Amino acid sequence: MDKANPTCFLFCMLTLFVSGSLLFFLGFFPASQSHLVEMYGNGNITTKPTELDGVNLKVPAGGPKQVILLIIDALRFDFATASKMPYAYDRSCKFLSLKVDIPTVTMPRLKSIVTGAVSNFIDIVLNLGHTTALKDSLLHRLRAKEKTAVFAGDRTWIELFPREFSRCYENIDSFFVYDFFLGDSNITDTLKQEIQRNDWHFLILHYLGLDHIGHVEGSESDTIFKKLLEMDSVVEYITKNPTFENQLLLVTADHGMRNGGGHGGNEKEEVNVPIMLFQPKCLTKNKRPSLSEHNQIDLAPTLAIILDIDIPETSLSCLIPEFFDCYTQEAQLYHLLYNAQHLMNKLTKKLSINYIRQRAYYQWWQEARNSHKHFLLSNISSLVTFEKAKQNYMRFSKEVSLQLTQTLVEFEYDFIAIALTLTTLSALTLLLNVLFENPLLCVMSKGFSLTVFLRCCFMATIINYLCHYFNYISSRSLLIGILITLPVAFSLYLIWDLFQLILQIILPLSPKFKAHFKLSIPSVLTAIFFIQIATRGSSSLIEEEHWTWYYLTPTLLIFLIAQNFHNNIKHCWRNQKLRENMLLLRQTFEMRNAIFLLLIIVFCRHLNANDTRGYYTMDLATIFRRKGNLFYLDLILLTGLSMLWWLLRKYNSPLQMFTCLVALLSVFGYRQSPKYPGIPLLIFWCGVLTTACIHYSGICCKRGRNHSLGATFNLLALLKTNLTCCLLVSALLHDPHNVILLPALIFMLETSYQLCDNLYLKDKRLYNRSYILILKTVLTIFIANTFYFFQGNTNKLSTININPGYIGLKSYNALIVGSLITLNMYCAQINAYLYLVWHMFNTQVQTLPIRQEKEQITNMQLFESTEEDLYLVLNLYTTTTVVPVAVYWWLLIAFRYHLFIYSVYAPKAIYECFQILVFYLNFIVTTLYFKLFK
């Protein structure tokens, strides 16, 4: 059995963990959209009732000939006011509030509007990618009745309904957020053409400009108010058009907009949207919004009644009774009965009739039918009987709708069980191999045994067959059944290796075979690490996770500073030579940089407000913008660029420093002239490419690259170049006031590493090399996560900054936009990891002359020593990153029925999964450099 490569081992463990995490994601958030129809019937539409307990019912006449649904993307409730949309506010017949389900992004909200069901949380991931066409909806029912639907606006509708519209005019670049007015102008032009026609029954208009403005300029932008007035004028044009006599207009939004301008979370500004009804003759005009609140999914059955079509089979929602005030009392009760009967049919397919009859809502159902029947048989219309029937129908519908919606929460427990096993075993393997050392049985020191793996595959096949046979695993398809065998086989392989290692820890065959600790981890680091993991069990601490890092990282730095201070004082008292005492005192005085670190944390903390509960909503950037002091924002940008260029001098030649200066000046020029970005961006990318080519071209043309020391210098040069280019690109992508975070990050890492090295130089027995490497690794992770939140990121999806994805683009490209957004969001983790790896090689090269003189070390021994340190750091970094995520997957299962599962825990799960993917890619790229230039 050959000795395994430690880097290959880490890659395999990390690959298994990432695969398990993705499998867990698929099990916890099923992506299938067809389960609604399958769960509640095989496409059988609830027919309209013709009798009620022996009393014949007359189907009411249809509503208006034409219905217009005007969706203003990101129109939150407090935007539709008398000052911002005066015409719509004053002229609406009904003004109500709709409660939007999370996630508050476009695609799942559109699904809810047209199906009447709550869509899957995984739709937030699909929102920017592939969209699966729906199988049943309002538009399908409309087409079944041979009625015509026309659409103009967001192309997401076309992806959801590729064949349901007779005419469609979609925006080509719906995701291009810098389009504020052109796309909306095209929709209005389409409206002016279509409103004169009488061959359509349902016209959908989806305006995107307001949402784009919010993403780019925020919710307080002056452009927001201009856009609201433009939307108000569209409403005025429709209602004043002569053809409106036979039409009805509904104005609403798919979701709201948080105060920062984004959306995706559960803040009240995101989940509360208005809905306004306009029709030619209003019985009453509401001068103020109604206090009653309905769910957004209630639009589906309501629109079905207005359009005189069947309620979609997927609908699990109620009617909005205020929209039927102009109908006769008999017609209102008929429609309420129809929707209630539809929900009752759903309920009987899910629960037994005996169980239903024992519930309170069944009594409401019976009372509503009895009152309805009494109302029909009475010669004199009784308002009391009508209201009693109406209220009982509504009570029944709301309760049953809630019950059915809750039953939609389904988990693929077979996927989850396999995923938890794989991720837990991978994390445990990494943890034990970083803590224990046994050269004979430790997994890290063994090669991959194909024989053992084949045996595990055979056992996994048997387990898979038995699980399918006894229905522990649901059969989906033959391919999926076969693919499940692979993670089960890897899990069995890890179980066997872990069993051997744990056996040697507990019951070694002999003392020389006993596994023992190879790392001495400080108790303070262990405590801080466990505190950070424990905070994931609290919904409040997940929402406010930035506070965890704001406290733990300074605590770790203070611990490091205290160790240095104690070490310096101890050596001062021991040393009798005045000169050396003065030298030690001077080194103690130089610890002022450590104090400066804490001041940097205080400053960076106030750059952005990422408090999700509104306790601290004011940050420096917001204060300067509101007061019009843009000069100070420019000053912060210029200071950040200058400091970054000054710090880069350590990693670059004079020629590279010039190209870096050109690139950074072009960033400043781009921010000062956003209307003409072409030239500054062209200069920037030329500067970055020139900086990279200077080292790459020289190294690729060198001979003797296989020499050990030359390879080390080559790798060191390339790592410096990669770090420099990554910092330059981050400076372009960052918001102007956030650029100063880049030099702050490098300075904090550099200073903290110096403090660690001081400990090692002063007392190598107490602070050995492994101790210092552990300290540096943990510091890197904590500082990187702290700066991640300094950028304004949170665990809410609404704080994702999508603006960097469109820098330099004139159209939407999913790959480029996604890559730039990811690089901007996780730049702290990426840059900190690159800096740590570069620092390790740079330290070895700088100490080479001293070590060769004192320890008689050769060049090959130097590289082997560097490799040993590198593998230790990579193992520590990987383990420290993976273990908290593995624990969180278990917590997510434990809290799967928690009240805040989709508002707090699920968004955090998306961030955790994506962060692991980013680290995985970073690890692969860095490891490839080690292999190429070793």
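Just so we're clear, the structure is a prediction, and the values are computed from it rather than from any experiment.

In this section: the overall build of the protein. The secondary structure content of the protein amounts to 36 helices and 12 strands. Residues counted as buried form 58% of the 934 residues belonging to the protein. Across the protein, every contact between residues at least 6 apart in sequence was considered, and the portion connecting residues at least 24 apart equals 78%. Of the roughly 40,700 Å² of accessible surface on the protein, 61% is carried by carbon and sulfur atoms.

This part takes up the nonpolar core. Ranked by size, the top nonpolar core spans 176 residues in total, and within it Phe24, Phe28, Phe787, Trp889 and Leu892 carry the most contacts. The contact partners of phenylalanine 28, leaving out residues within four places of it in the chain, are Phe411, Ile416, Leu892, Ile893, Arg896 and Ile901. Counting residues in hydrophobic clusters, the runner-up holds 108 residues, among them Met107, Trp200, Ile204 and Leu319.

This part takes up the packing of aromatic side chains. Within the structure shown, the criterion is met by 43 aromatic pairs. With centroids separated by 5.7 Å and ring planes inclined at 70 degrees, the aromatic side chains of tyrosine 89 and phenylalanine 95 adopt a geometry described as edge-to-face. The exposure classification of tyrosine 89 matches that of phenylalanine 95, with both residues buried. Of the aromatic side chains, those joined through ring pairs into one cluster are Phe24, Phe25, Phe28, Phe29, Phe411, Tyr413, Tyr888, Trp889 and Tyr897. A cation over a ring is seen here: lysine 192 above tyrosine 237, with NZ or CZ 5.8 Å from the ring centre.

Another aspect to go through is helix α27 (residues 654-672). Taking 1.5 Å per residue, 19 residues should reach 27 Å; α27 reaches 27 Å between its end C-alpha atoms and fits that length. Regarding α27, the residues found buried are Gln656, Met657, Thr659, Cys660, Ala663, Leu664, Ser666, Val667 and Tyr670.

Our focus in this paragraph is the sheet that holds strand β6 (residues 167-170). Judged by pairing direction, the sheet is mixed, and its 8 strands sit side by side in the order β6-β5-β7-β3-β8-β9-β4-β10 without closing on themselves. The strands lining the two open edges of the sheet, one partner per strand, are β6 and β10 (293-295). For this sheet, the mean angle separating the axes of adjacent strands, direction not counted, is 20 degrees. Sheet topology note: the strand β3 (residues 66-72)/strand β8 (residues 247-252) ladder contains 6 bridges and is parallel. Bridge pairing in β8 places isoleucine 71 opposite threonine 252. Docked against the sheet, helix α8 (residues 182-194) engages β5 (149-153), β6 and β7 (202-207), running at close to 160 degrees with respect to β7.

Attention shifts here to unusual backbone geometry. With an omega dihedral of 5 degrees, the bond running from isoleucine 102 to proline 103 counts as a cis peptide bond. Topologically, proline 103 is positioned in the loop between β4 (94-99) and α4 (106-115). Located in the positive-phi region is alanine 74, a residue other than glycine, with phi close to 70 degrees. Following the sequence through the fold, alanine 74 ends up in the loop between β3 and α3 (86-91). Residue aspartate 308 is not a glycine yet carries a positive backbone phi of 60 degrees. Given the relative accessible area of 27%, aspartate 308 is considered partly exposed.

Here the focus is empty space enclosed by the protein. Counted by the stated rule, this structure contains 9 cavities of 30 Å³ or more. Contributing elements (two or more residues each) for the lining of the largest cavity: α20 (523-534), α22 (545-574), α31 (769-790), α33 (827-846), α35 (859-894) and α36 (901-932). The residue inventory of the lining of the largest cavity, partitioned by class, reads 16 nonpolar, 8 polar and 4 charged.

Packing of helix α15 (residues 360-377) against helix α16 (residues 383-406) brings their axes to within 8 Å, and their N-to-C directions diverge by 150 degrees. Considered as vectors, α15 and α16 are oriented roughly antiparallel to each other. The handedness of the crossing between α15 and α16 comes out as left-handed. For the pair α15 and α16, contact is made by Tyr361, Trp364, Trp365, Glu367, Ala368, Arg369, Ser371, His372, His374 and Phe375 and by Thr385, Phe386, Lys388, Ala389, Asn392, Tyr393, Arg395, Phe396, Glu399, Val400 and Gln403, respectively.

This part takes up the pattern of salt bridges. Under the defined criterion, the tally for this structure stands at 22 salt bridges. The shortest N-O distance in the salt bridge between aspartate 308 and lysine 48 comes to 3.1 Å. Linking aspartate 308 in the loop between α12 (299-307) and α13 (329-350) with lysine 48 in the loop between α2 (35-40) and β1 (51-52), this pair joins segments that are 260 residues apart in sequence.

Residues shown with low pLDDT carry predicted positions that ought not to be read at fine detail. When pLDDT is averaged along the protein, the result is 82; 83% of the residues meet or exceed 70. The low-confidence segment residues 439-445, where pLDDT is below 50, has 21 contacts with residues more than four positions distant or belonging to other chains. Of the regions scoring below 50 in pLDDT, residues 613-617 engages in 8 contacts with residues more than four places distant in sequence or in other chains.

It is worth spelling out a nonpolar patch on the surface at this point. The grouping of Phe458, Met459, Ile462, Ile463, Tyr465, Leu466, Tyr469, Phe470 and Tyr472 at the surface amounts to a nonpolar patch, some 1,000 Å² of accessible area in total. Positionally, methionine 459 belongs in helix α18 (residues 450-469). For methionine 459, a relative accessible area of 44% gives the class partly exposed.

Parameters and conventions
- Residues numbered from 1 in each chain as written.
- Predicted model: local features only at pLDDT ≥ 70, side-chain atom pairs only at ≥ 80, totals over all residues.
- Heavy atoms only, no water.
- Helix = DSSP H or I, 4+ residues; strand = E, 2+ residues; numbered from the N terminus.
- Buried < 20%, exposed > 50% of the residue type's maximum accessible area, 1.4 Å probe, protein only.
- Contact = heavy atoms within 4.5 Å.
- Areas by Shrake-Rupley, 256 points an atom, 1.4 Å probe, with all protein chains shown as cover.
- Core = buried A, V, L, I, M, F, W, Y, C linked by side-chain atoms within 4.5 Å.
- Phe/Tyr/Trp six-rings, centres within 6.5 Å; stacked < 30°, edge-to-face > 60°.
- Lys NZ or Arg CZ within 6 Å of the ring centre and 35° of its normal.
- Expected span 1.5 Å × (residues − 1).
- Pairing = 2+ DSSP bridges.
- Axes fitted to C-alpha atoms, helices over the stretch in contact; angles between N-to-C directions.
- 1 Å grid on protein atoms, 1.4 Å probe; cavity = no way out; pocket = protein on both sides within 12 Å on 5 of 7 lines; lining within 4 Å.
- Points joined across faces, edges and corners; volume = space filled by probe spheres on them.
- Nonpolar A, V, L, I, M, F, W, Y, C, P; charged D, E, K, R; others polar.
- Parallel < 35°, antiparallel > 145°, perpendicular 65-115°, else oblique.
- Left-handed = near helix turned anticlockwise from the far one by under 90°.
- Salt bridge = Lys/Arg side-chain N within 4 Å of Asp/Glu carboxyl O.
- pLDDT = per-residue confidence, 0-100.
- Patch = residues over 30% accessible without salt bridge, like charges linked within 9 Å, V, L, I, M, F, W, Y side chains within 5 Å.

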